[in-house]
Amino acid sequence: MTPSTVAGRGAEAGVSAVVVDDSQFMRTVIGDVLEEAGIDVLETASDGGDGVDAVLEHDPDVVTMDLEMPGVGGIEAVDRIMTEHPTPVLVLSAHAADGAELTFEAMEKGAVDVFQKPSGEVSVGLKQQNEALVSKVRSVAGADVSAAGAAAGRESAASRRRDRGSPTTPAAADHEYPDRPTLVIGSSTGGPTVVEGVLESLPVEADFRVLIVQHMPDGFTGRFAERLDKASDYAVREATDGARIGGGEALVAKGGKHLEVSGYGGGRVRVSLTDDGPVNNVRPAVDVTLRSAAERIDGPLTVAILTGMGADGADGVRAASDAGGSVIAQDEETSAVFGMPQRAIETGVVDDVRPRSELVTGILDATTERSA
């Protein structure tokens, strides 16, 4: 099918987009939402092949990408875009339960983030989420997907698993691990593949209790936990209210819920889920988890702030540091979006800044050094 051109009305805002969706209705709705917010929709396309052509022709700042389309699907389109003309891609997924696995496959190919299409009456639901959609598109448009960065993000899981098992891998270096350490990981835009890499390389011998706060819609966090469980030696699951974990176990904050540390004893962390309002415009929020962890965990506490837009985590790392915890942040060069790490670094409490390939080494060094 031939792409349809949409007259741009938002060039002054400095963000341009290509919209790819096999539904004419959805292309119109998404295009109107973005244009009304001042985002210049350069072109729309009805399948992945036309979407790739539109990217090559127009060089947009961001692409919104449906996944399940006739002809060239979204995953193949993302792969081609990242290979031929690296451009930030936001996946729009209509059905979380059915589309979560496809979404993570798209992220492995280089997609930066996901926005969940509403179910039911799409036009009404999507228009109610206008502000959230526009914010997400602008966030993804600022992501760094240079060829080098994309290649690092698309490194195969099998390769990372081989590295993890190698005695020459930094993550496998000898460490005198402290007793009952807790690790809190916070990330947002561009974070899922980085988090997966950390969990794959984190030695289970370190016996961390791991809490993961990834800004992600409800319906995706459960599948994310399953992927991490398969990729890691840690036992990973989506958090439920009242869940407890001990050493070698991890919880992923549930999308749409704040995750609080509600208790700590005998080396086990207990959590609760709340429906309290968004913090830093997000739920779950890293700050909520970190402040409760700093208040209740009296064992070794390490925090890793990874790629993401915004300031979530900055207040939390102050609380963690004041409680005696150690803090590391991902560096600018390997972050898709340097917002969250930068704001954490600006607090002055970050102990170390590492590229994504050295995050696990940084976590282990910071944990052992602070506990010495």
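Now for a description of the structure that goes with this document. (Residues numbered from 1 in each chain as written. Predicted model: local features only at pLDDT ≥ 70, side-chain atom pairs only at ≥ 80, totals over all residues. Heavy atoms only, no water.)

**Regarding the overall build of the chain**
Counting its secondary structure elements, the chain contains 14 helices and 16 strands. Looking at the chain as a whole, 58% of its 372 residues qualify as buried. Of the contacts made within the chain by residues no fewer than 6 positions apart, 72% connect residues no fewer than 24 positions apart. (Helix = DSSP H or I, 4+ residues; strand = E, 2+ residues; numbered from the N terminus. Buried < 20%, exposed > 50% of the residue type's maximum accessible area, 1.4 Å probe, protein only. Contact = heavy atoms within 4.5 Å.)

**Some details on unusual backbone geometry**
Residue P284 follows R283 across a cis peptide bond; omega there is 15°. With a phi angle near 65°, D207 is a residue other than glycine that sits in the positive phi range. Here D207 shows up in the loop between helix 9 (191–201) and strand 8 (209–214). A residue is classified by how much of its surface remains accessible, and D207, at 30% relative accessible area, is partly exposed.

**Observations regarding the sheet that holds strand 15 (residues 326–330)**
In space, the 7 strands of this open sheet follow the order 9-11-8-7-14-15-16, with parallel pairing throughout. Both outer strands of the open sheet, strand 9 (235–238) and strand 16 (352–354), are each paired with one neighbouring strand and no more. In this sheet, adjacent strand axes meet at a mean angle of 20° when their direction is disregarded. Both strand 7 (residues 182–187) and strand 8 contribute to a ladder of 6 bridges, which runs parallel. Its bridge partner lying in strand 8, V184 is registered against L211. Against the sheet, helix 10 (residues 221–231) makes contact with strand 8, strand 9 and strand 11 (249–252), and its axis sits at roughly 175° relative to strand 9, the strand it touches most. (Pairing = 2+ DSSP bridges. Axes fitted to C-alpha atoms, helices over the stretch in contact; angles between N-to-C directions.)

**What about the environment of D229?**
Position of D229 among the secondary structure elements: in helix 10. Linking D229 and E196, residues 33 residues apart in sequence, is a C-alpha distance of 9.4 Å. Beyond its immediate sequence surroundings of up to four residues, D229 is in contact with Y234, A235 and V236.

**Let's talk about the sheet that holds strand 10 (residues 244–245)**
The 3 strands lie next to each other as 10-13-12, forming an open sheet whose pairing is antiparallel. The sheet is open, and its two edges are formed by strand 10 and strand 12 (258–265), each paired on a single side. As defined by bridge partners, strand 12 adjoins strand 13 (residues 268–274) across 7 bridges and the pair is classed as antiparallel. Bridge pairing in strand 13 links G263 to R270.

**Side note on the environment of G191**
Position of G191 relative to the elements: it lies in helix 9. Taking C-alpha positions, G191 is 8.0 Å from V112, a pair spaced 79 residues apart along the chain.

**Some words on the packing of helix 9 against helix 10**
Taken N-terminus to C-terminus, the directions of helix 9 and helix 10 make an angle of 35°; their axes are 9 Å apart at the nearest point. Two packed elements cross with a definite hand, and for helix 9 against helix 10 that hand is right-handed. Across the interface between the two elements, P192, V195, E196, L199 and E200 from helix 9 touch F224, R227, L228 and A231 from helix 10. (Left-handed = near helix turned anticlockwise from the far one by under 90°.)

**Some points on the pairing of strand 4 (residues 62–65)**
Residues V62 and T64 of strand 4 are buried on one face, and the alternating residues V63 and M65, pointing to the opposite face, are buried as well. As paired elements, strand 2 (residues 16–20) and strand 4 share 4 bridges and run parallel to each other. Within strand 4, the residue paired with V20 across the bridge is M65. Bridge count for strand 4 against strand 5 (residues 89–93) is 3 bridges, and the pairing is parallel.

**Structural notes on helix 6 (residues 130–141)**
Given a rise of 1.5 Å per residue, 12 residues ought to cover 16 Å, and the 16 Å separating the end C-alpha atoms of helix 6 matches this to within 8%. Residues of helix 6 that are buried: L133, V134, K136, V137, S139, V140 and A141. (Expected span 1.5 Å × (residues − 1).)

**Some words on helix 9**
By the criterion of burial, helix 9 is predominantly enclosed, with 11 of the 11 residues buried. Here helix 9 has its buried residues at G191, P192, T193, V194, V195, E196, G197, V198, L199, E200 and S201.

**Let's talk about the nonpolar core**
Grouped burial of nonpolar side chains is what soluble globular proteins tend to show. With 76 residues, the main nonpolar core has L34, M65, I185, L199, F208, V210 and I212 as its most contacted residues. Not counting residues within four places of it along the chain, the set of residues in contact with V210 comprises L183, I185, L202, Y234, I245, E249, A250 and L251. Counting 29 residues, the second-largest nonpolar core is a separate cluster that includes L301, V317, A329 and M340. (Core = buried A, V, L, I, M, F, W, Y, C linked by side-chain atoms within 4.5 Å.)

**Some details on the packing of aromatic side chains**
Within this structure, the stated rule accounts for 1 aromatic pair. Judged by centre distance (5.6 Å) and plane angle (10°), the ring pair of F104 and F224 falls under stacked. Residue F104 is found in helix 4 (residues 96–109), and its partner F224 is found in helix 10; the two are separated by 120 residues along the sequence. The same class applies to F104 and to F224, which are both buried. (Phe/Tyr/Trp six-rings, centres within 6.5 Å; stacked < 30°, edge-to-face > 60°.)

**So, the side chain of T289**
Take T289: it is sitting in helix 11 (residues 286–296). When neighbours within four sequence positions are excluded, T289 is seen to be in contact with V184, L211, V213, L259 and V261.

**With respect to the pattern of salt bridges**
If you walk through the whole model with that rule in mind, you get 16 salt bridges. A salt bridge links D207 to R209, with the shortest nitrogen-to-oxygen separation between them at 3.4 Å. Residue R209 is classed as buried on the basis of its relative accessible area of 5%. Beyond isolated ion pairs, a larger network of salt bridges with shared partners links E101, E108, E196, R223, E226 and R227. (Salt bridge = Lys/Arg side-chain N within 4 Å of Asp/Glu carboxyl O.)

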